[in-house]
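Below, each chain spelled out in residue letters.
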Amino acid sequence: MQTAGLEPQGGCITDSEIVDRVRSGDSQAYAQLVKSHYPRVRGLCLSLLANPSESEDAAQEIFIKAYRFLPQFKNDSSFSTWIYRIASNHCLDVLRKEARHKTESLDALTGASESGDAPPRLTVSEPDSSVAFENKDIVRRVLERLSPEHRMVLVLKETQGLSYVEIARTLECSVDAVKGRLKRARVELDGIARHFMELSDV
Amino acid sequence: MKHDDFRELFDELRDSELGEPLKGELLAHLASCADCRQDYERRAALAKMFFRPVAVPAPAQIEAFTRAVMEKIPSGRVPAARARSEALRNLWWVVPSLGFALAALILALRRGAPALMVPMDSQLLIGAQNKTVAEIVIPLDPANGQNLVAVEEQ
């Protein structure tokens, strides 16, 4: 799991200085910002959007959007937090659009209602890192059943390793709101997962 | 604390957001309570199952991505949006000013409006027609100082 926060990566020139250069006409300086922040933006997109090519497209759109809105960036927050916020909003929009198109029910996902069979098992052989997936596709589809907001906050915490404060800055809400949203998201994930798994093994 | 109280803290412990002394108390409880420990491990396993780290892209991939982005952005300054946003920021005073002007206008209109008149068909205050409320003098009974005008109860 990535553990790094949102702090800018080390270097001689700060993000803020690069932003000033881009604003004053040196558009090529933006390449440095892209290089520095692409890994984390891509990580967020991949975690949320699952499809690699869709994630890559989303990451490009995010950086192009950030360039367009660069004049609105205020130096009172870090560029890292700011572009992460743009990325989160962009991914949320994509997830919401996808959610509107989804009509499958949980039973339809597993085919249980048609065949009468038990849902496929997603077993965890031991409660440590030795996770055994029987069906990665089902894992992905369980995540897709989460509401976009819950999926977002879980990815920011579990995959991106952000602290509550960093998540609050990214989602522009309070730390208490982050705690509450995370709690509800985990309850929702637990409920959906129980539908597919024998939790007594987990 | 009871078991449920400890379980409320599981997420914060796993998220490395739990401070002392609660963290110490919870860890001690987990060491001694098999049921809570099992629940804690189940939750941790669930998270590991569904959320896995994303591999860091190779330098060549970063370079290719950066080139692709830079090809799509216009060269030169990005002043248009800046000028527009700064112009909008400089007009922050417009909305409160309009509100203040509207409030002043309403007050001026009310001050100039005709005073409340007693209706012509009033049976209660005979003789008070066409007088303003302020002009009406209600006669008092010199004996007890009460109003001489009878008011019918609704």
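Residues numbered from 1 in each chain as written. Chains lettered and ligands numbered in written order. Predicted model: local features only at pLDDT ≥ 70, side-chain atom pairs only at ≥ 80, totals over all residues.

## Observations concerning the overall build of chain B
From N to C terminus, chain B includes seven helices and zero strands. In chain B, the order of α-helices and β-strands from amino to carboxyl end is α-α-α-α-α-α-α. A fraction of 25% describes how many contacts in chain B between residues 6 or more apart in sequence connect residues 24 or more apart. (Helix = DSSP H or I, 4+ residues; strand = E, 2+ residues; numbered from the N terminus. Contact = placed C-beta atoms within 7 Å.)

## Here we look at helix α8 (residues 148-159) of chain A
End to end, α8 of chain A covers 15 Å across twelve residues, agreeing with the expected 16 Å (1.5 Å per residue, within 8%). Taken residue by residue, α8 of chain A has R151, M152, V153, L154, V155, L156, K157, E158 and T159 of chain A as its buried positions. (Expected span 1.5 Å × (residues − 1). Buried ≥ 20, exposed ≤ 12 C-beta atoms within 10 Å, placed from the backbone.)

## So, the interface of chain A and chain B
Contact with chain A, which involves 47 residues of that partner, is made by 32 residues of chain B. Counting only elements with at least two residues in the side of chain A that touches chain B, the list comes to α1 (15-23), α2 (30-49), α3 (52-68), α7 (136-145), α8 and α10 (175-196) of chain A. By residue number, the principal contributor to the side of chain A that touches chain B is α2 of chain A, which donates ten residues. Of the residues contributing to the side of chain A that touches chain B, the split by class is 29 nonpolar, nine polar and nine charged. (Nonpolar A, V, L, I, M, F, W, Y, C, P; charged D, E, K, R; others polar.)

## Considerations on the nonpolar core
If you look at the biggest cluster of nonpolar residues, it comprises 53 residues, and the most contacted ones within it are V41, C45, A87, C91 and V153 of chain A together with F50 of chain B. Top contributing element to this core by residue count: α2 of chain A, with ten residues. Once you skip the residues sitting within four places of it in the chain, F50 of chain B turns out to touch V139, V142, L143 and L189 of chain A. (Core = buried A, V, L, I, M, F, W, Y, C linked by C-beta atoms within 7 Å.)

## Things to note about helix α4 (residues 79-101) of chain A
All names here are of chain A. Between its terminal C-alpha atoms α4 stretches 33 Å, which fits the 33 Å expected from 23 residues at 1.5 Å a residue. All of the buried residues in α4 are F79, S80, W82, I83, Y84, A87, S88, H90 and C91. Buried residues along α4 sit in contact with α1, α2, α3, α8 and α9 (164-171).

## Comments concerning the confidence of the model for chain B
Residue and element names in this part refer to chain B. Considering every residue of chain B, the mean pLDDT works out to 76; 64% of them sit at 70 or more. Of all helices and strands in chain B, the one with the weakest mean pLDDT is helix α6 (residues 79-90) (57), whereas helix α5 (residues 59-72) scores best (91). Across the assembled chains, the prediction reports ipTM 0.72 with pTM 0.65. (pLDDT = per-residue confidence, 0-100.)

## Side note on the packing of α3 of chain A against α4 of chain A
All names here are of chain A. Remark: α3 packs on α4, axes separated minimally by 10 Å, with the N-to-C direction vectors making an angle of 130°. The angle between α3 and α4 places the two elements in the oblique class. Handedness of the α3/α4 crossing: right-handed. From α3, A58, E61, I62, K65 and A66 reach across to α4, where they touch I83, I86, A87, H90, C91 and V94. Tallied by class, the residues present in the contact of α3 with α4 amount to eight nonpolar, one polar and two charged. (Axes fitted to C-alpha atoms, helices over the stretch in contact; angles between N-to-C directions. Parallel < 35°, antiparallel > 145°, perpendicular 65-115°, else oblique. Left-handed = near helix turned anticlockwise from the far one by under 90°.)

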